[in-house]
Amino acid sequence: FELVATGGGTSSEVIDNSRAVAFADYDLDGAIDVVVVNNGGPARLLRNVSSSENGWLRLQVLNEDGSEAIGARVQLLSGEGVQWRTISRGGSYLASNSAMAHFGLGGQEAIDDVIVHWPDGAQTHFGPLQLRAAWSLRRGAIEARALPAQ
């Protein structure tokens with residue numbers, strides 16, 4: 001047998017009795033980070049420190065009243081195809097993921113459209129959006145609103 005490892009990883013071995021995991025772009029750099037919650041030990045933040053120049057979009061999808069549009073589906077169309085995300089917070093025992101829809105876009109330079117399919121069946125087109133940025137898509141809004149880079 002041969003040990004196969006990637007070039008990434010953590011700076012030290014992480015061996016814990018883990019109970020939960022949550023995914024979010026903690027440092028707002030476009031790369032998904034991971035929080036691992038351990039039984040009887042500290043939570044660990046595993047920051048994704050890859051230095052990729054790949055395209056990405058992070059979308060906050062809101063109802064008219066400003067609440068998270070849980071259950072909405074987001075469709076991203078580009079020359080490379082179609083990607084879907086469902087707005088939810090679940091995913092792991094005793095943990096909650098970010099409700100932001102994150103799209104990894106590789107070397108793409110542009111997208112054609114973003115369509116939100118609301119839980120009641122209505123649809124809203126938000127058109128092409130600038131990549132490597134976060135946007136707020138609010139039901140009833142005429143266009144997407146750029147979120148501040150923090």
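Residues numbered from 1 in each chain as written. Predicted model: local features only at pLDDT ≥ 70, side-chain atom pairs only at ≥ 80, totals over all residues. Heavy atoms only, no water.

Enquirer: What am I meant to see in a nonpolar patch on the surface here?
Expert: The grouping of Tyr26, Val35, Val37 and Leu45 at the surface amounts to a nonpolar patch, some 330 Å² of accessible area in total. Here Leu45 lies in strand β3 (residues 44-46). Overall, Leu45 belongs to the partly exposed group, its relative accessible area being 35%. (Patch = residues over 30% accessible without salt bridge, like charges linked within 9 Å, V, L, I, M, F, W, Y side chains within 5 Å. Areas by Shrake-Rupley, 256 points an atom, 1.4 Å probe, with all protein chains shown as cover. Salt bridge = Lys/Arg side-chain N within 4 Å of Asp/Glu carboxyl O. Helix = DSSP H or I, 4+ residues; strand = E, 2+ residues; numbered from the N terminus. Buried < 20%, exposed > 50% of the residue type's maximum accessible area, 1.4 Å probe, protein only.)

Enquirer: Could you clarify how one ought to interpret the sheet that holds strand β9 (residues 123-125) in this entry?
Expert: Within a sheet, adjacent strands bond to each other through the backbone by hydrogen bonds, running parallel or antiparallel. Spatial strand order, β6-β5-β8-β9: four strands in an open sheet with antiparallel pairing. The open sheet is flanked by β6 (81-86) and β9, the only strands paired with a single partner. When the angles between neighbouring strand axes are averaged without regard to direction, this sheet yields 20°. Across five bridges, the pairing between strand β5 (residues 73-78) and strand β8 (residues 113-117) is antiparallel. Bridged to Leu77 within β8 is Asp113. (Pairing = 2+ DSSP bridges. Axes fitted to C-alpha atoms, helices over the stretch in contact; angles between N-to-C directions.)

Enquirer: What should I look at first to understand the packing of aromatic side chains in this one?
Expert: The way to describe two aromatic rings as a pair is by their centre distance and the angle between their planes. The full count for this structure, using the stated rule, is zero aromatic pairs. The ring of Trp84 carries the charged tip of Arg73 above its face, separated from the ring centre by 4.1 Å. (Phe/Tyr/Trp six-rings, centres within 6.5 Å; stacked < 30°, edge-to-face > 60°. Lys NZ or Arg CZ within 6 Å of the ring centre and 35° of its normal.)

Enquirer: Hey, could you run me through the side chain of Gln108 in this one?
Expert: Tracing the chain through its elements places Gln108 in the loop between β7 (101-106) and β8. According to the relative accessible area criterion, Gln108 is buried, its value standing at 12%. Not counting residues up to four positions away in its chain, the partners in contact with Gln108 are Gly55, Ser78, Glu80 and Leu131. (Contact = heavy atoms within 4.5 Å.)

Enquirer: Just checking my understanding: could you explain the layout of surface pockets for this structure?
Expert: A water-sized probe rolled over the atoms picks out the places where empty space is left. Approximately 480 Å³ is the volume found for the largest pocket. Taken together, 22 residues line the largest pocket, and the ones lying closest to its centre are Arg58, Ser98, Ala99, Met100 and Ala101. Every element with two or more residues in the lining of the largest pocket is listed here: β1 (18-24), β4 (55-62), β6 and β7. Of the residues assigned to the lining of the largest pocket, the class counts are twelve nonpolar, seven polar and three charged. Taken together, 13 residues line the second largest pocket, and the ones lying closest to its centre are Asp29, Gly30, Ser52, Asn54 and Trp56. A breakdown of the residues in the lining of the second largest pocket according to their chemical character gives two nonpolar, eight polar and three charged. (1 Å grid on protein atoms, 1.4 Å probe; cavity = no way out; pocket = protein on both sides within 12 Å on 5 of 7 lines; lining within 4 Å. Points joined across faces, edges and corners; volume = space filled by probe spheres on them. Nonpolar A, V, L, I, M, F, W, Y, C, P; charged D, E, K, R; others polar.)

Enquirer: Teacher, can you tell me more about the pairing of β8 here?
Expert: It is a general feature of regular strands that their side chains alternate between the two faces of the sheet. Within β8, five of the five residues are buried, which leaves the element mostly enclosed by the surrounding structure. Linking two consecutive strands that pair antiparallel, namely β8 and β9, is a turn of five residues; a positive phi of about 100° is found at Gly121 within it.

Enquirer: Just checking my understanding: could you explain the pattern of salt bridges for this structure?
Expert: Pairs can form between side chains of opposite charge once their charged atoms are near each other. Taken as a whole and assessed by the stated rule, the structure comprises four salt bridges. Measuring nitrogen to oxygen at the nearest pair gives 2.5 Å for the salt bridge that ties Arg58 to Asp25. Taken together, the positions of Arg58 in strand β4 and Asp25 in the loop between β1 and β2 (33-38) put the pair 33 residues apart, joining distant regions of the chain. According to the relative accessible area criterion, Arg58 is buried, its value standing at 8%. When the shortest N-O distance is used, the salt bridge between Asp27 and Arg47 registers 2.9 Å. Residue Asp27 is found in the loop between β1 and β2, and its partner Arg47 is found in the loop between β3 and β4; the two are separated by 20 residues along the sequence. A relative accessible area of 45% places Arg47 in the partly exposed class.

Enquirer: What's the story with unusual backbone geometry in this structure? I'm lost.
Expert: Across residues other than glycine, the phi torsion is negative in most instances, and most of the peptide bonds are trans. Positive phi values are uncommon outside glycine, yet Leu28 reaches one of about 55°. Residue Leu94 is not a glycine yet carries a positive backbone phi of 60°. Position of Leu94 among the secondary structure elements: in the loop between β6 and β7. Assessed through its relative accessible area of 64%, Leu94 is described here as exposed.

Nothing here speaks to function; it is all geometry.
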